[in-house]
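Coordinate analysis (summary)
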Amino acid sequence: TLPNAFSPNGDGVNDQFCIQGWNDCIQSFRIMIFNRWGEKVFESTAIEPGWDGTFRDSKQPVGVYVYYISVQNTITNKTVYHSGNITLIR
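Residues numbered from 1 in each chain as written. Predicted model: local features only at pLDDT ≥ 70, side-chain atom pairs only at ≥ 80, totals over all residues. Heavy atoms only, no water.

What follows covers the overall build of the chain. For the chain, the count of helices and strands is zero helices and seven strands. In the chain, the succession of helices and strands from N to C terminus is β-β-β-β-β-β-β. With respect to the three principal axes, the spread of C-alpha positions in the chain is 40 × 30 × 20 Å. Looking at the 90 residues of the chain, the share that counts as buried comes to 34%. For the chain, long-range pairs separated by at least 24 residues make up 51% of all intrachain contacts whose partners lie at least 6 apart in sequence. Looking at the chain as shown, the accessible area adds up to about 5,800 Å², and 48% of this sits on carbon and sulfur atoms. (Helix = DSSP H or I, 4+ residues; strand = E, 2+ residues; numbered from the N terminus. Buried < 20%, exposed > 50% of the residue type's maximum accessible area, 1.4 Å probe, protein only. Contact = heavy atoms within 4.5 Å. Areas by Shrake-Rupley, 256 points an atom, 1.4 Å probe, with all protein chains shown as cover.)

Following this line, the structure appears as structure tokens:
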């Protein structure tokens with residue numbers, strides 16, 4: 001399962017939107033995160049590190065962001081797509 005909120009406030013707890021437990025079965029990975037205006041604020045082909053709540057070195061505002069993930073499984077060689085919302089809390 002994917003988290004539905006994170007709090008990048010520097011306290012060392014939940015400071016990044018991370019996906020855990022997927023490393024062992026992934027051949028390829030891509031994540032994109034968009035703000036409420038549809039602007040892409042994060043993109044990566046690496047599972048770690050996750051999104052730290054910044055865009056162009058600026059802290060992003062509290063709110064709901066949309067993510068799209070594509071994952072290719074090493075066992076089945078099939079690509080699976082996930083999408084959802086993540087709430088950024090400070």
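The subject of this paragraph is the pairing of strand 6 (residues 63-73). Looking down a regular strand, the side chains alternate between one sheet face and the other. The pairing of strand 2 (residues 26-34) with strand 6 spans eight bridges and is antiparallel. In the sheet register, R30 faces strand 6, and the bridge partner there is S70. For strand 6 and strand 7 (residues 79-88), the ladder comprises ten bridges, and the chain directions are antiparallel. Looking across to strand 7, one finds that I69 is bridged to H82. Linkage of strand 6 to strand 7, two consecutive antiparallel strands, is achieved through a turn of five residues, within which N77 is found at a positive phi near 65°. (Pairing = 2+ DSSP bridges.)

Scanning the model with the defined rule gives one cavity of 30 Å³ or more in all. Size it by volume and the largest cavity reaches roughly 60 Å³. Taken together, 13 residues line the largest cavity, and the ones lying closest to its centre are F17, I31, F42, I47 and G50. Elements supplying a minimum of two residues to the lining of the largest cavity: strand 2 and strand 3 (40-44). Per-element tally for the lining of the largest cavity: the top contributor is strand 2, with three residues. (1 Å grid on protein atoms, 1.4 Å probe; cavity = no way out; pocket = protein on both sides within 12 Å on 5 of 7 lines; lining within 4 Å. Points joined across faces, edges and corners; volume = space filled by probe spheres on them.)

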